[in-house]
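One letter stands for each residue in the lines below.
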Amino acid sequence: MTITEHIAAVRREMAEAARESGRSERDIILVGASKMNDAAACQEAIAAGVDALGENRVQEMTAKLAQNAYGGAPLHFIGHLQRNKVRQVVGKAALIQSIGSEALLREVEKEAARQQLVQDILLEVNIGGEEAKSGFAPEETEAAAVLARELPHVRVRGLMTIPPVETVPHGNLVYFEKMHRLYVDINGKIYDNELEYISMGMSGDFADAIRAGSNMVRVGTAIFGARDYTK
Ligand SMILES: *Cc1c(COP(=O)(O)O)cnc(C)c1O
């Protein structure tokens, strides 16, 4: 199957899950997670109607930007971001989804101020409480949102999470539901319910994420095929 056909299939599954949760397919944003796929693949995905592309690695993103891989769609940064690479991402990515620590939040503020722009971000939440994973603990997220509100060059547009690797089918539904409750709570308390995005769901679980309230899914393998890690 081609990238275009894969996207059509993903869109159908998204539409069905959206309907099951009382929404329409237009309410859910599809971000193509294009890591390890070249500029031509990115362009095919954009032509086939992904809403945005998401990259994980700064070096790869920079190289593909130079090839105009993302022309025609917003670029999101979705991977783990090191503080010393913030300068290469701020002002380049329309949305940085992976702001998971206070130090990183402050670094983005500093760089956005230097560039005299306001950087849109999502706060990443470590919803499964995993030791090795970055992101704010659920109970720290409200404080992070309060801090972010004081920073004039960042604008929080929503929350993002990467749950634990699923060990049984639908195993992450409980995390998606927990994340949705946190989103609703923080949205009401801090943002007058004007926060727009809850980014959760990948190839194996985006339908469950949507059923639990996600409105932004990040899909790689189901669009681009399996990644070749031997290269
Ligand atoms: C790679 C990646 C995805 C997509 O993963 P698939 O399982 O290939 O769909 C989503 N989100 C993040 C942060 C990723 O790094």
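Provided above is the structure to which this section pertains.
About the thresholds
Residues numbered from 1 in each chain as written. Predicted model: local features only at pLDDT ≥ 70, side-chain atom pairs only at ≥ 80, totals over all residues. Heavy atoms only, no water. Helix = DSSP H or I, 4+ residues; strand = E, 2+ residues; numbered from the N terminus. Rg over C-alpha atoms; globule rule 2.2 N^0.38 Å. Buried < 20%, exposed > 50% of the residue type's maximum accessible area, 1.4 Å probe, protein only. Contact = heavy atoms within 4.5 Å. Areas by Shrake-Rupley, 256 points an atom, 1.4 Å probe, with all protein chains shown as cover. Lys, Arg positive; Asp, Glu negative; His and termini not counted. Charge placed at Lys NZ, Arg CZ, Asp CG, Glu CD. Salt bridge = Lys/Arg side-chain N within 4 Å of Asp/Glu carboxyl O. Expected span 1.5 Å × (residues − 1). Pairing = 2+ DSSP bridges.

Caption draft 1: Examining the overall build of the chain more closely. The secondary structure content of the chain amounts to 9 helices and 8 strands. Relative to its length of 231 residues, the chain is compact, with a C-alpha radius of gyration of 17 Å against a globular reference of 17 Å. Taking the principal axes of the C-alpha coordinates as reference, the chain spans close to 45 × 40 × 30 Å. Scored against the burial criterion, the 231 residues of the chain give a buried share of 51%. Relative to all contacts within the chain whose residues are 6 or more apart in sequence, the contacts with residues 24 or more apart total 59%. Of the roughly 11,000 Å² of accessible surface on the chain, 49% is carried by carbon and sulfur atoms. Distance between charge centres in the chain, computed from 26 positive and 32 negative side chains, equals 4 Å.

Caption draft 2: Quick peek at the pattern of salt bridges. Per the stated rule, a full pass over the model turns up 17 salt bridges. A salt bridge links D120 to R155; the shortest N-O distance between them is 3.0 Å. Taken as a pair, D120 in strand β5 (residues 119–125) and R155 in strand β6 (residues 154–161) lie far apart in primary sequence, 35 residues in all. The class for D120 is buried, based on a relative accessible area of 12%. One continuous salt-bridge network, built from bridges that share partners, spans E55, R57, E60 and K64.

Caption draft 3: Region of interest: helix α5 (residues 102–114). For α5, which comprises 13 residues, the first-to-last C-alpha distance of 18 Å matches the rise-based estimate of 18 Å (1.5 Å per residue) to within 8%. Elements in contact with the buried residues of α5: α4 (86–89), β4 (95–99), β5, α6 (141–149) and β6. Just beyond α5, the residue with positive phi is Q116, at close to 55 degrees.

Caption draft 4: Here's a closer look at the pairing of strand β1 (residues 29–33). Judged by how many residues are buried, β1 sits mostly within the fold: 4 of 5 residues are covered. Here β1 pairs with strand β8 (residues 216–219) via 4 bridges, running parallel. Within β8, the position partnered with G32 by the bridge is V219. Of the pairings in the sheet, the one linking β1 to strand β2 (residues 52–55) comprises 3 bridges and is parallel in character.

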